[in-house]
Amino acid sequence: MLTRKQHELLVFIDRHLKATGFSPSFEEMKEALNLRSKSGIHRLISALEERGFLSRRHNRARALEVTRLPDDLAARGAAVAEAAAPAPFAPNVIRGDFSQRLPGVKAAEAATAVQLPLYGRIAAGMPIEAMRDTSHHVEVPVALLGPGEHYALEVAGDSMIEAGILDGDTVIIRRSDSAENGQIVVALVDEGEVTLKRLRRRGASIALEPANPRHETRIFPADRVRVQGRLVGLLRQY
């Protein structure tokens, strides 16, 4: 028999998998269960593994699998999961002349994809403005985009692996100078260092949070951080 928190976590993971196709991050699980630290999530996951409800593929980030459900959930089946699951991401699909509606974007041969400028690897020491190189492009499905100007960056490093963002991935960024609390952004620190992190506002300060326990959260006065775009999609080649 599961404890209340074990049951809540298993239900949350199962619904997230059905809604998105991948398991939630430890940060998302911590917030969903209103826990103070990720260590509590680690203990709950280990207990669910021991009881045969969860399994982990250790060679992949965010690779939890629900192997079985408690009898009460299994009996209710898909109807309950569908009623309680969070609404899936539904981007606004752009139609028509992409070259006019998306500045800096070339129209692809078919109306199902566009070509975005690929500015290079996101790494410390170079503002986005200095990375602009319109000679390289990447083809992106229209479904990943909404209104506005977009560009692509190649990810360097493993600081966001628990958000499903791996070294070598290509992230799709919507250009913006603002972001909601908790969104993953391209942030420019001190007008010289560019980084991809989750943004948290803490009073007059801004915290740039990694999604990897081996990396530390960095906190700056708000005037030292400038948002240059928000993450809207990700491409990966195998």
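Residues numbered from 1 in each chain as written. Predicted model: local features only at pLDDT ≥ 70, side-chain atom pairs only at ≥ 80, totals over all residues. Heavy atoms only, no water.

Draft legend 1. Local environment of unusual backbone geometry. The phi torsion at Asp190 lies on the positive side, around 55°, for a residue other than glycine. Mapped onto the elements of the fold, Asp190 is located in the loop between strand 8 (184-189) and strand 9 (193-202). Backbone geometry at Glu191 places phi at a positive 60°, although glycine is not the residue there. Counting through the fold element by element, Glu191 comes out in the loop between strand 8 and strand 9. Given the relative accessible area of 52%, Glu191 is considered exposed. (Helix = DSSP H or I, 4+ residues; strand = E, 2+ residues; numbered from the N terminus. Buried < 20%, exposed > 50% of the residue type's maximum accessible area, 1.4 Å probe, protein only.)

Draft legend 2. Summary view of the side chain of Lys197. Within the secondary structure, Lys197 is located in strand 9. Buried within the structure, Lys197 lacks any salt-bridge partner; Glu193 is the closest side chain of opposite charge, at an N-O distance of 7.0 Å. At a separation of 3.2 Å, a polar atom in the side chain of Lys197 contacts the side chain of Ser159. At 2.8 Å, the side chain of Lys197 forms a polar contact with the side chain of Thr195. Dropping the residues within four chain positions of it, Lys197 is found in contact with Ser159, Met160, Gln183, Ile184, Val185, Leu208, Glu209 and Pro210. (Lys, Arg positive; Asp, Glu negative; His and termini not counted. Salt bridge = Lys/Arg side-chain N within 4 Å of Asp/Glu carboxyl O. Polar contact = N/O pair within 3.5 Å; in protein donor to acceptor, adjacent residues only side chain to side chain. Contact = heavy atoms within 4.5 Å.)

As far as function goes, none of this settles anything; it's purely spatial.
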